[in-house]
Amino acid sequence: MKKVGQVIWGIFQVFTYILIQLIVGALVSMVYAIVRYLQMSGQGISDYNVALSIILEDISKSNYMMLASCFISLIAAVIYTIWYNKGYVKRKKVDLRKVLTPKNITVIVVLAVCVQIFLITFVSIIEGMKPEWFTNYNELMSQFGIGTSLQSFLYVAILGPIVEELLMRGLVLNQMKKAMPFLAANMVQAFLFALLHGNLVQGSYAFILGLLFGYVYQKYNTIYSTLLFHIAFNASGYLIDVVFRGVDFNFAMIIFLAVLSLVFSLLMIWKILRGENYTYIGDVAISTEEETSQEIEE
């Protein structure tokens, strides 16, 4: 029963993000509505219905949605940072100088970029064959103005990854590991990560990404590794979209890029898996003390 409770608590942690979005989003909209109404009153617009229609129109625009999303993410990041540090890290830390070496950073960033290129090319192939699958996804991206503004870059490339990593790998994965082996815990958190995205297209590849993020976190034993991975992944996707928007690649080039990026992704994954497993400094200290006491006894 204790393990069941731990799993339920891990699932609840995911829903806290939805609660934060609803509560903070409502407060942001309320504050904006009051300030906007006072502003319009000063301009001579005193009719409540007219003011309400203008406010509702403002709130439905992509710029407002992205700014609100940035603010929500900021609040969520603060909450999850405190939760993660108090509940799952406490005094357990790794030596970041040994973990985030130039070599490890390069491997993580190259993996992130290669996985991003592979997914872009692979998804474009699927979209070419089944465009109806992407109707809702493209409408959602257009509604939020993804890839068209500075606040979009801030949310997609920085704030979004920070919140998602603190929540999914920092809280949920660590919580699930209390109730089950890592392999099962990683599968569960990846599935919940996919559900969190709320649409079939993103959810389908978010599951694979969730598995990769989980393995990187387990290998390097610090949230900073997956933060780097996730930020590099999202930022590279954003920049690729901006740089190559409107450029038409032929089918052969898309296939070539998909295969090449897949090969490099597998190579980087192999390098990560065969690399050193990092442990908490506290664990090393305890181990050293135990070895010393054993030597004294002998």
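Since the structure is predicted, the reported quantities are computational estimates derived from the model, not experimental observations. (Residues numbered from 1 in each chain as written. Predicted model: local features only at pLDDT ≥ 70, side-chain atom pairs only at ≥ 80, totals over all residues. Heavy atoms only, no water.)

What to know about the overall build of the protein
- Looking only at helices and strands, one finds 12 helices and 0 strands in the protein.
- Start at the N end of the protein and walk to the C end: the helices and strands fall as α-α-α-α-α-α-α-α-α-α-α-α.
- Counting the 298 residues in the protein, one finds 39% classified as buried.
- Of the contacts made within the protein by residues no fewer than 6 positions apart, 80% connect residues no fewer than 24 positions apart.
- Per element, the accessible surface of the protein, about 17100 Å² overall, is 69% carbon and sulfur. (Helix = DSSP H or I, 4+ residues; strand = E, 2+ residues; numbered from the N terminus. Buried < 20%, exposed > 50% of the residue type's maximum accessible area, 1.4 Å probe, protein only. Contact = heavy atoms within 4.5 Å. Areas by Shrake-Rupley, 256 points an atom, 1.4 Å probe, with all protein chains shown as cover.)

Considerations on the nonpolar core
- Residues Tyr80, Tyr84 and Phe229 are the most contacted members of the largest nonpolar core, which totals 53 residues.
- Elements represented by at least two residues in this core include exactly α1 (2-42), α3 (62-89), α5 (102-129), α7 (150-177), α8 (182-196), α9 (200-220), α10 (223-244) and α11 (251-273).
- If one sorts the elements of this core by residue count, α3 sits on top with 9 residues.
- Among all residues touching Tyr84, those that are not within four sequence positions of it are Val89, Leu166, Gly170, Leu171, Asn174, Tyr217 and Ile223. (Core = buried A, V, L, I, M, F, W, Y, C linked by side-chain atoms within 4.5 Å.)

As for the pattern of salt bridges
- Under the defined criterion, the tally for this structure stands at 3 salt bridges.
- Of the charged contacts in the structure, one is a salt bridge between Arg36 and Asp58, with a shortest N-O distance of 2.9 Å. Within this pair, whereas Arg36 is found in helix α1, its partner Asp58 is found in helix α2 (residues 48-59), the two being separated by 22 residues in sequence.
- Classification of Arg36 by relative accessible area gives buried; the value is 18%.
- We classify Asp58 as buried; its relative accessible area is 12%.
- In this structure, Glu165 engages Arg169 in a salt bridge whose closest nitrogen and oxygen atoms are separated by 2.6 Å. Linking Glu165 with Arg169, this pair stays in helix α7, spanning 4 residues, or about one helical turn.
- Residue classification places Glu165 among the buried positions, given a relative accessible area of 0%. (Salt bridge = Lys/Arg side-chain N within 4 Å of Asp/Glu carboxyl O.)

Thoughts on α1
- A rise of 1.5 Å per residue sets the reference length of α1, with its 41 residues, at 60 Å; its end C-alpha atoms lie 59 Å apart and thus fit the reference within 8%.
- Of the surrounding secondary structure, the elements contacted by the buried residues of α1 are α2, α3, α7 and α8.
- Positive phi shows up at Gly44, right after α1, with a value of about 95 degrees. (Expected span 1.5 Å × (residues − 1).)

Focus on a nonpolar patch on the surface
- A surface patch of nonpolar side chains, about 1200 Å² in accessible area, is lined by Trp9, Ile11, Phe12, Phe15, Ile18, Leu19, Leu22, Ile23, Leu27, Met30, Ile34 and Leu38.
- Checked against the element boundaries, Ile34 lands in helix α1.
- The partly exposed category is assigned to Ile34, whose relative accessible area is 49%. (Patch = residues over 30% accessible without salt bridge, like charges linked within 9 Å, V, L, I, M, F, W, Y side chains within 5 Å.)

Description of the packing of α7 against α9
- One can describe the packing of α7 onto α9 by two numbers: an axis separation of 11 Å at closest approach and a directional angle of 70 degrees. By the angle between their directions, the pair α7 and α9 is classed as roughly perpendicular. Between α7 and α9, the contacting residues are Glu165, Arg169, Leu173, Asn174 and Lys177 on the first element and Gly210, Phe213, Gly214, Tyr217 and Gln218 on the second.
- When its residues are assigned to classes, the contact of α7 with α9 shows 3 nonpolar, 4 polar and 3 charged. (Axes fitted to C-alpha atoms, helices over the stretch in contact; angles between N-to-C directions. Parallel < 35°, antiparallel > 145°, perpendicular 65-115°, else oblique. Nonpolar A, V, L, I, M, F, W, Y, C, P; charged D, E, K, R; others polar.)

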